[in-house]
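Analysis of the macromolecular model
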Amino acid sequence: MAQTAHDTHAHAAHAEHHDHGPQSFWSKYVFSTDHKIIGIQYGVTALMFLLFGFCLMLMMRWQIAYPGKAVPVVGTLLEKLLGEPAKGGVIAPDLYNVFGAMHGTIMVFLAIVPLAFAAFGHYVVPLMIGAPDMCFPRVNMASYQCYFLGGVIMLASFLIPGGAAQGGWTSYSPLATQIPTDGQTYWILGMVFLITSSLLGSVNFIATIIQLRAPGMTWMRLPFFVWAMFVTAFLLVLAFPPLEAAAVMQLMDKVFGTSFFLPEGLFVGGQPADHLSGGGSPLLWQHLFWFLAHPEVYVLILPGFGIIAEVIANNTRKPLYGYRALVYSVLSIGFLSFIVWAHHMYLTGMGTKISTFFQTTTMIISIPSVIVLTCMFISLWGGSIRFNVPMLFALAFLPMFGIGGLTGLPLGLSYVVLQLHDTYYVIAHFHYIVAPGTIFAIFAGIYYWFPKATGRMMNATLGKIHFWGSLIFMNLIFQPMFAQGMAGMHRRMYDGAATYSLANGQDVIGALSPGIIKMNINITHAAFGLLIFQIPFIWNFFHSIVKGKKVTGDNPWEATTLEWQAPTPPPHGNFAEAPHVYRGPYEYSVPGAAKDYTPQNQAP
């Protein structure tokens, strides 16, 4: 009782501390310390970057399908903005490298992670745990500002002489250090700001979930979404500092002539590298990069798991199957994700004992992922399923993530990677995890929590058009890539292997059949089809903010978790009075209950 009284007093004091008087536009929307405004800022900004990164991919796909032909519609604009690399509207090899590096960087660090983790996390987590705000509101504001500044630096790099980074999204040394333009310097500076943003946000999430849970919100009463964000925050806090240190060292190699990652006897263009002290290790960069970048895969997918769990529980009208198994699985994934990174490095010449260790841990980490997926499939059994738009995206997520996960298992074996490394098979595997995987989860979350954030519903018909078009065309894009990869098509062929196709039939190793080459055209057409089916979503999103059907209550989905018990949209401080939690997060269809849902804050 004393602890409960203390918690209630702390919540009340916290809410009073964050109460604001009249605010200007700048203090309310630009320099806000309200977690909900910051979540919306993250979400809208990341959606813009998602569209921009998608457009980079479309231009790359055009070059792959139609090498040497001007990009339609935007070719003239490209030439005006970028000059010689886009002469005549045609994407030159160097510009293709720029688009490839920046597509990966923007999609991972500026679009999907900020959307899945930061946007949904900042908006939903404090509401779900019954908190009035995040633990450190000004740190919260600083995290978004660092993210925005990092994005501005990345975009600005396109317009400098020589263009943006060309060293791939992995930025391997010594290539990234020896490219004679400043694009890589901008990339590193942008990454430092993005990493700082994630660290600030992650510390805030951890402190908030530990310290600001409502009275009665024990650990095993937390919604699964909160557990997913909690583990994700720890991944970012522990894995990002090594990459930030590596980025600073690579910046010093690039600008000040040090040799942290540059070896002895390096030749560039057939000549010994100038002003090079040597003695560094290119493999050190790979270790530091992948020590972050493999947990980063789970930073992408764990928030997706959390979103899908909430949508499935709500729309099956029954509790999630195996709640504790789900929690322990994401905790296991968080731990194991730190000891699998070198399966990205099998071709670096590691010994059989080390490669065996990483093969083993890679297979082990698939077990908790399968448990999560299995629990979600079983949760569908016997449910009164509502096939609304969030649920359609959630249902499609399950098999799409399954394809991505299963096709990744062969890549955990070193002898298979000898054939498949850096081929389109890897592209297809990873994109099944991220595109029809995480991005479908993001769309499910947007349609699901949109009425809470705006007080209006998105149009269901436009949502279903968006869903079916996205599902069909994403599979038409990525499914053929498995065949191309197994045929040997390399991911960095800027002309879509046209050069190899000319050699076909001449007993040249690496020659690809006409059927494999023709798939490039089909994939490109599907990519443009996917773009067309994003138009209903864009219209639906912005039109519904002002013209959407108004919700009639605070809980339009008849959900049990605390965010739906707050006013719609939630005011500053979130709750009229501090909530008290009496039960678990998914008490749907409880025998003998008056309704088929029992909110967490409903007293016995």
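A brief report on the enclosed structure follows.

Cut-off values and rules
Residues numbered from 1 in each chain as written. Predicted model: local features only at pLDDT ≥ 70, side-chain atom pairs only at ≥ 80, totals over all residues. Heavy atoms only, no water. Helix = DSSP H or I, 4+ residues; strand = E, 2+ residues; numbered from the N terminus. Rg over C-alpha atoms; globule rule 2.2 N^0.38 Å. Contact = heavy atoms within 4.5 Å. Axes fitted to C-alpha atoms, helices over the stretch in contact; angles between N-to-C directions. Parallel < 35°, antiparallel > 145°, perpendicular 65-115°, else oblique. Left-handed = near helix turned anticlockwise from the far one by under 90°. Nonpolar A, V, L, I, M, F, W, Y, C, P; charged D, E, K, R; others polar. Core = buried A, V, L, I, M, F, W, Y, C linked by side-chain atoms within 4.5 Å. Buried < 20%, exposed > 50% of the residue type's maximum accessible area, 1.4 Å probe, protein only. Polar contact = N/O pair within 3.5 Å; in protein donor to acceptor, adjacent residues only side chain to side chain.

Okay, the overall build of the chain next. A count of helices and strands for the chain gives 19 helices and four strands. Here the chain has a C-alpha radius of gyration of 25 Å; the compact-globule value for 604 residues is 25 Å, and the two agree. Here the C-alpha coordinates of the chain stretch approximately 75 × 55 × 50 Å along the principal axes. In the chain, the share of contacts with a sequence separation of at least 24, taken over all contacts with a separation of at least 6, comes to 78%.

Where helix 3 (residues 35–65) contacts helix 5 (residues 93–128), the two axes come as close as 7 Å, and the packing angle between them is 155°. Considered as vectors, helix 3 and helix 5 are oriented roughly antiparallel to each other. With respect to the hand of their crossing, helix 3 and helix 5 are arranged in left-handed fashion. Its residues placed into classes, the contact of helix 3 with helix 5 shows 29 nonpolar, eight polar and one charged.

Core analysis: the largest hydrophobic core is formed by 188 residues, its most contacted members being Phe99, Met102, Phe224 and Phe305. If you tally residues by element for this core, the top one is helix 5, at 24 residues. When sequence neighbours within four positions are dropped, the list of residues in contact with Phe99 reads Leu56, Met59, Met60, Leu78, Leu82, Ile91 and Phe158.

Our focus in this paragraph is the environment of Met102. Structurally, Met102 is set in helix 5. The sequence separation of Met102 and Met154 amounts to 52 residues, and the corresponding C-alpha distance is 8.2 Å.

Note on placement: Asp596 falls in the segment after strand 4 (549–550). Expressed as a C-alpha distance, the spacing of Asp596 and Ile516, which sit 80 residues apart in the sequence, is 53 Å. Contact partners of Asp596, with chain neighbours within four places excluded, come to Arg317, Glu558, Glu587, Tyr588 and Ser589. Here the side chain of Asp596 touches Arg317 through a polar contact of 3.0 Å, side chain to side chain.

This paragraph deals with unusual backbone geometry. Residue Pro174 is reached from Ser173 by a cis peptide bond, and omega for that bond is 5°. Here Pro174 shows up in the loop between helix 6 (137–156) and helix 7 (175–178). Going from Thr568 to Pro569, the amide bond is cis rather than trans, its omega being -20°. By the element assignment, Pro569 lies in the segment after strand 4. A positive phi angle, close to 55°, is found at Ser171, a residue other than glycine. Relative to the elements of secondary structure, Ser171 occurs in the loop between helix 6 and helix 7. Residue class for Ser171 comes out buried when judged on its relative accessible area of 0%. A positive phi is found at Ser589, a non-glycine position, where the angle reads about 55°. Judged by relative accessible area, which is 41%, Ser589 ranks as partly exposed.

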